[in-house]
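Spelled out from the first residue to the last, the chains are:
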Amino acid sequence: MSDEDIALVRASLTVVAPHVSELAAHFYSILFSRYPQVRDLFPAELDVQRERLVRALLRIVELVDQPESLVAFCSRLGRGHRKFGTQSGHYPAVGDCLLQALSHFAGPAWSPALAAAWQRAYTAAADVMIRAAEEDARDRPAVWDAHIVGHVHRGHGIAEITVQPHQPYPYVAGQYVSIETPWAPRLWRQYSPAHAPRPSSELTFHVRAVREGRVSNALVHHARPGDPVRLGPPEGDMVLRPTRQRDLLFVAGGTGLAPIRALIEEAARDGIGDAREVSLFIGARTADELYGLDDMLRMSQRYHWLRVRAAVSDERIAGLEGTLPEVLAEFGPWYRHEAYLCGPPQMLSGAVHALRRHGVPPRHIHYDPWDTPVLTAPLGPLPPDEEADQL
């Protein structure tokens, strides 16, 4: 795209920005009216889907003058859309309806030049998504059929759910998996396996039932062994980096402990912990909510190199009181550590800021965004070993 195209697209977005929610609703209304056959690709309730459309659109415009990052983002979208049943022939239809919705809300600001600029922007993004999906299809299926083989309630609305894919499911410790249940068709939610890969391909997830969460409540309160589920491909960049000299810091809140536990298990398998200091901090509001602490303390008894500490923010308990950012600041410094974090957004944000304030370079802080990771995940390349080992 030319500089003029980029300027036109960004200027038009400021015009329609006050109406983005209505724009998304109008887009789906046009799409389903013109192409009713695609309605079955979407969940019955479109609130989340409309928000994701807006966020994806905003991200594409944000990256439109950063070709490498735009390709990385659109490639992730293209691969991820395979599990919805998206075909290459759907993209032109989506583009036509999107431009129609944009022109409606841009009003007098819409012009032939602006329409052409948006067409070029959408075509470039769609071409990358189609190519990424086609390449991905050569290597792996779009979805994996599976069934539940274990379901254990752990209290506080959390269930430990084990599923058995019907064919091998390759992933890397720390990644997350999209799950679709029969109780909420076409509604996919992300959960992280709580362990390193197993030869059997079994996957165990720790799921917390959230208010009005159709997928999480179904999995926690209704699912039973034998029930079918479908799995999307593994995603996420919070995997162990091959840095040879840095110690490891893990920070977890709530069910965010699941991928952290998987990473620690992977470190034990690879013998990484024998040569480095490994610290784990688990945070919760109350002592009763210190999810998984006992399990991690038992793990620390098996592995002499693992140190486990807990933090409770809303109770006065000697030795445990404080938020995770406060406790991290107390036990630092961490500037020579590689840090891996997972938890609720507020905890994640506070922990990242605390580590940054205490000298940890951003390239040594690793996490996947809590909500819709593919729409907000960092897109830059991983640092090479040589750069990572300098500090």
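Keep in mind it's a predicted model, so treat the numbers as computed, not measured.

Thresholds, definitions, all that
Every chain begins its residue count from 1, and numbering advances along the sequence as written. With pLDDT at 70 or above as the cut-off, local features in this predicted model cover only qualifying residues; side-chain atom pairs require 80 or more to be listed or tallied, and sums for whole chains, interfaces and linings still use all residues. The side-chain figures draw on all heavy atoms in the structure; neither hydrogens nor water molecules are used. Comment: elements are numbered from the N terminus, with helices defined as DSSP H or I runs of at least four residues and strands as E runs of at least two. Between the two quantities, the radius of gyration covers C-alpha atoms and the globule rule is 2.2 Å times the number of residues to the power 0.38. Categorising residues by exposure relies on relative accessible area from a 1.4 Å probe, with only protein chains included: less than 20% of the type maximum marks a residue as buried, more than 50% marks it as exposed, and the intermediate range marks it as partly exposed. What makes two residues a contact is simply this: any of their non-hydrogen atoms within 4.5 Å. All accessible-area figures derive from a Shrake-Rupley calculation using a 1.4 Å probe, and residue coverage is judged against the displayed protein chains alone. The sign given to each residue is positive for Lys and Arg and negative for Asp and Glu; His and the chain ends receive no count. Taken as the charge centre is NZ of Lys, CZ of Arg, CG of Asp or CD of Glu, depending on the residue. For two strands to pair, DSSP has to find at least two bridges joining them. Whenever a helix is involved, its axis is fitted only over the stretch in contact; in every case the axis is a line through C-alpha atoms, and angles between N-to-C directions fall within 0 to 180 degrees. Note on terminology: angles under 35 degrees are roughly parallel, angles over 145 are roughly antiparallel, angles of 65 to 115 are roughly perpendicular, and the others are oblique. When the near helix sits turned anticlockwise from the far one by under a right angle, the crossing is termed left-handed; a clockwise turn instead gives a right-handed crossing. Ten residue types, Ala, Val, Leu, Ile, Met, Phe, Trp, Tyr, Cys and Pro, are classed as nonpolar, four, Asp, Glu, Lys and Arg, as charged, and the remainder, Gly among them, as polar.

### Quick look at the overall build of the protein chain
Item 1. When you go through the protein chain residue by residue, the secondary structure sums to 13 helices and 11 strands.
Item 2. For the protein chain, the C-alpha radius of gyration of 22 Å lies close to 21 Å, the compact-globule estimate for 391 residues.
Item 3. Principal-axis analysis of the C-alpha atoms places the extent of the protein chain at approximately 65 × 50 × 45 Å.
Item 4. In the protein chain, which comprises 391 residues, the share counted as buried stands at 51%.
Item 5. By sequence separation, contacts in the protein chain at least 24 residues apart represent 73% of the contacts at least 6 residues apart.
Item 6. If you sum the accessible surface of the protein chain, you get close to 18,300 Å²; carbon and sulfur atoms cover 51% of it.
Item 7. Put simply, the protein chain has 40 plus and 47 minus side-chain charges, and the middle of one group is 2 Å from the middle of the other.

### Quick word on the pairing of strand β5 (residues 203-208)
Item 1. β5 sits mainly inside the fold: 5 of its 6 residues count as buried.
Item 2. Bridging between strand β2 (residues 158-165) and β5 involves 6 bridges; their strand directions are antiparallel. Each residue of the ladder has a partner; that of V163, found in β5, is L203.

### Some points on the packing of helix α5 (residues 90-106) against helix α6 (residues 112-137)
The packing of two helices is summarised by the inter-axis angle and the distance between the axes.
Item 1. Two numbers describe how α5 lies on α6: the axes approach to 10 Å, and their chain directions differ by 150°. Classified by the angle their axes make, α5 and α6 are roughly antiparallel. By crossing handedness, the relation of α5 to α6 is classed as right-handed. Where α5 approaches α6, its residues Y91, V94, G95, L98, L99 and L102 are matched on the opposing element by A115, W118, Q119, Y122, A126, M129 and I130.
Item 2. When its residues are assigned to classes, the contact of α5 with α6 shows 11 nonpolar, 2 polar and no charged.

### Considerations on the sheet that holds strand β6 (residues 228-231)
Item 1. Pairing is antiparallel across the open sheet formed by 6 strands, whose spatial order is β4-β3-β6-β1-β2-β5. Only two strands of the sheet have a single neighbouring strand rather than two, namely β4 (188-191) and β5. On average, each strand axis in the sheet is inclined to that of its neighbour by 40°, with strand direction left out of account.
Item 2. Relative to β2, strand β1 (residues 144-155) is paired through 8 bridges, and the arrangement is antiparallel. Opposite V152, over in β2, you have E160 as the bridge partner.

Geometric values such as these leave the question of function open.
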